[in-house]
Amino acid sequence: MMKVLFAAGEDRWPLWEAPLTKALAEAGVKAEILRKADPTEIEAMIYAPGGETPDDFTPFVNCRAVLSLWAGVEKIVTNRTLTQPLCRMVDPGLTQGMVEYVVGHTMRAHIGIDRVLATQDRWEVVLPPLASERPVAMLGLGALGAACAQALAGLGFPVLGWSRNPKEVAGIACHHGPEGLRTVLEQAQIVVLLLPLTAETRDTLIAERLSWLPDGAVIINPGRGPLIDDEALIEALDAGRVAQATLDVFRTEPLPSDHPFWAHPKVTVTPHIAAETRPATAARVIAENLRRLRDGEPLLHRVDREAGY
Ligand code: NDP
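Here the structure is a predicted model, which means the values were calculated and not measured. (Residues numbered from 1 in each chain as written. Predicted model: local features only at pLDDT ≥ 70, side-chain atom pairs only at ≥ 80, totals over all residues. Heavy atoms only, no water.)

Sheet topology note: the strand 1 (residues 2-7)/strand 2 (residues 31-34) ladder contains four bridges and is parallel. From the neighbouring strand, Val4 faces strand 2, where its bridge partner is Ile33. (Pairing = 2+ DSSP bridges. Helix = DSSP H or I, 4+ residues; strand = E, 2+ residues; numbered from the N terminus.)

As recorded in UniProt, the feature "domain: D-isomer specific 2-hydroxyacid dehydrogenase NAD-binding" (unreviewed entry) lies at residues 120-274. Note that residues 120-274 is 26% helix and 20% strand, and that its end C-alpha atoms are spaced 28 Å apart. (UniProt positions renumbered as here; feature names shortened; annotations may be inferred.)

Among the 30 residues in the neighbourhood of the ligand, the closest are listed as Arg88, Leu141, Leu144, Asn165 and Tyr309. Taking Lys167, its side chain carries an N or O atom lying 3.1 Å from an oxygen atom of the ligand. One nitrogen or oxygen atom from the side chain of Glu200 is found 2.9 Å from a nitrogen atom belonging to the ligand. Taken by itself the ligand offers 950 Å² of open surface, and the protein chains cover 94% of this. (Near = heavy atom within 4 Å. Polar contact = N/O pair within 3.5 Å; in protein donor to acceptor, adjacent residues only side chain to side chain. Areas by Shrake-Rupley, 256 points an atom, 1.4 Å probe, with all protein chains shown as cover.)

Attention shifts here to the domain arrangement of the chain. Split by domain assignment, the chain resolves into domain 1 (2-91 + 277-295) and domain 2 (92-269). Domain 1 and domain 2 are separated by 32 Å when their C-alpha centres are compared. On the domain 2 side, the residues contacting the 11 residues of domain 1 number seven residues. Where domain 1 abuts domain 2, roughly 720 Å² becomes buried across the two surfaces, and 60% of that area is made up of carbon and sulfur atoms. Area buried by domain 1 at its contact with domain 2 is led by Glu74, Asp91 and Arg278, which between them contribute 56% of it. (Domains from an automatic or database assignment. Contact = heavy atoms within 4.5 Å. Buried area = accessible area lost by both parts, 1.4 Å probe.)

Let us now look at the sheet that holds strand 4 (residues 66-68). Strands sit in the order 2-1-3-4-5 across an open sheet of five strands; the sheet is parallel. In the strand order of this sheet, the two ends are held by strand 2 and strand 5 (86-87), each with one partner. Each of strand 1, strand 3 (44-47), strand 4 and strand 5 touches helix 9 (residues 279-295); the most contacted strand, strand 1, lies at about 145° to it. (Axes fitted to C-alpha atoms, helices over the stretch in contact; angles between N-to-C directions.)

Before going further, it helps to spend a moment on the pattern of salt bridges. Inspection of the entire model under this criterion finds 15 salt bridges. Residue Asp114 pairs with Arg108 through a salt bridge whose shortest N-O separation is 2.7 Å. Put simply, Arg292 and Glu288 hold a salt bridge, and the shortest N to O gap is 2.8 Å. One end of the pair is Arg292 and the other is Glu288, both in helix 9 and four residues apart, which spans about a single turn. Owing to a relative accessible area of 18%, Arg292 belongs among the buried residues under this scheme. (Salt bridge = Lys/Arg side-chain N within 4 Å of Asp/Glu carboxyl O. Buried < 20%, exposed > 50% of the residue type's maximum accessible area, 1.4 Å probe, protein only.)

Following Glu253, the chain continues to Pro254 via a peptide bond in cis, the omega torsion being -5°. With respect to the helices and strands, the residue Pro254 is situated in the loop between strand 11 (242-247) and helix 8 (260-263). Even without being glycine, His272 reaches a positive phi, approximately 50°. Along the chain, His272 falls in the loop between strand 12 (267-269) and helix 9. Even without being glycine, His301 reaches a positive phi, approximately 60°. Along the polypeptide, His301 turns up in the segment after helix 9. A relative accessible area of 26% places His301 in the partly exposed class.

On the surface, Ile111, Ile113 and Leu117 cluster together to form a nonpolar patch covering roughly 250 Å² of accessible area. Within the secondary structure layout, Ile111 lies in the loop between helix 2 (92-110) and helix 3 (113-118). Residue Ile111 is classed as partly exposed on the basis of its relative accessible area of 38%. (Patch = residues over 30% accessible without salt bridge, like charges linked within 9 Å, V, L, I, M, F, W, Y side chains within 5 Å.)

The set of residues buried in helix 5 (residues 177-187) consists of Gly177, Gly180, Leu181, Val184 and Leu185. For helix 5, the angular spread of buried residues about the axis comes to 130°, placing them on one side. Opposite the buried face of helix 5, by more than 90 degrees, sit the exposed residues Pro178 and Glu179. Buried residues along helix 5 sit against strand 6 (136-139), strand 7 (159-163), strand 8 (173-176), strand 9 (190-193) and helix 6 (207-210). (Arc of directions from axis to C-beta.)

What follows covers the side chain of His105. Counting through the fold element by element, His105 comes out in helix 2. Setting aside chain neighbours within four positions, we find His105 in contact with Ile220 and Thr246.

For the pair helix 2 and helix 4 (residues 143-154), interaxial distance at closest approach is 9 Å and the crossing angle is 45°. Relative to helix 4, helix 2 is oriented oblique. Crossing angle aside, the handedness with which helix 2 passes helix 4 is right-handed. Contact residues: helix 2 offers Leu94, Thr95, Met98, Val99, Val102, Val103 and Thr106, while helix 4 offers Ala143, Leu144, Ala147, Cys148, Ala151 and Leu152. Class assignment for the residues of the contact of helix 2 with helix 4 results in 11 nonpolar, two polar and no charged. (Parallel < 35°, antiparallel > 145°, perpendicular 65-115°, else oblique. Left-handed = near helix turned anticlockwise from the far one by under 90°. Nonpolar A, V, L, I, M, F, W, Y, C, P; charged D, E, K, R; others polar.)

The structure is reproduced here in structure tokens:
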């Protein structure tokens, strides 16, 4: 019987207990999920940062996998005591939630829902372009970015994608590397950020790069707050170069009450709700990785510690 520590917060356990039990049974994995244990006995850890979760992984000398419940691992990937293999979460439920958020906010900008609501008493006939005339840039073509890019392409948007390494995603014009960013931004009327937070991606959208966007572009950031320079974004919004920003993630969360984003008429703040890991589907991913651990097979979704994601 494999001993697995649920180090993801006592308050989350009730949400996970039944789905994990079911998924482990379906995967044929015999595991004892513990919420407290002698660290030397633990063979794998289900992890989410915060609260009572460990900061020091040194005592977990027999732990062969740390399985993150979250897709973003920036809070744990730089922990020097973590020598155990780390896997991030790729969950169909999480991906579907992100697709819905990104498609919803892209469509809101595209068909001008805010303007329609603000002017509905005036019978103003303003025809939006068709999706085929509105290029979208997807910064990040991973599990989430690629799914969102393909959903938007399916609606007719020309989608330009950007990643670190060369990539092929069906229906998407893929670019990569620092030179690819300019190509993508220069054409984008809507920019979606779905990059992980790493040393390289921090401040991806600084003033100079915001100036590459066509006038009136819209920014949607469900990635991570520090991907954008807040002050540069506010300047671009005030100057009218960027028309609107929908931001789900921030440098400090919850967003401090005195932050200018709250009152800015061109900013929509959402409280880091773009997408959540869904226990019903994610438990199967955890169970599959525990099965692989038991059977000595390569783990799914291993984090590249050097790249930081
Ligand atoms: P993945 O690791 O699957 O994909 C990351 C993508 O970013 C890859 O395409 C990668 O390129 C690209 N990338 C990384 N570094 C660079 C770089 N320096 N330059 C260009 N491209 C780069 O991550 P996910 O899609 O699963 O998740 C993305 C992020 O979404 C998470 O890290 C998290 O921050 C955020 N998130 C937000 C949520 C919310 O509710 N707001 C919920 C869940 C996640 P390559 O393909 O070449 O490796």
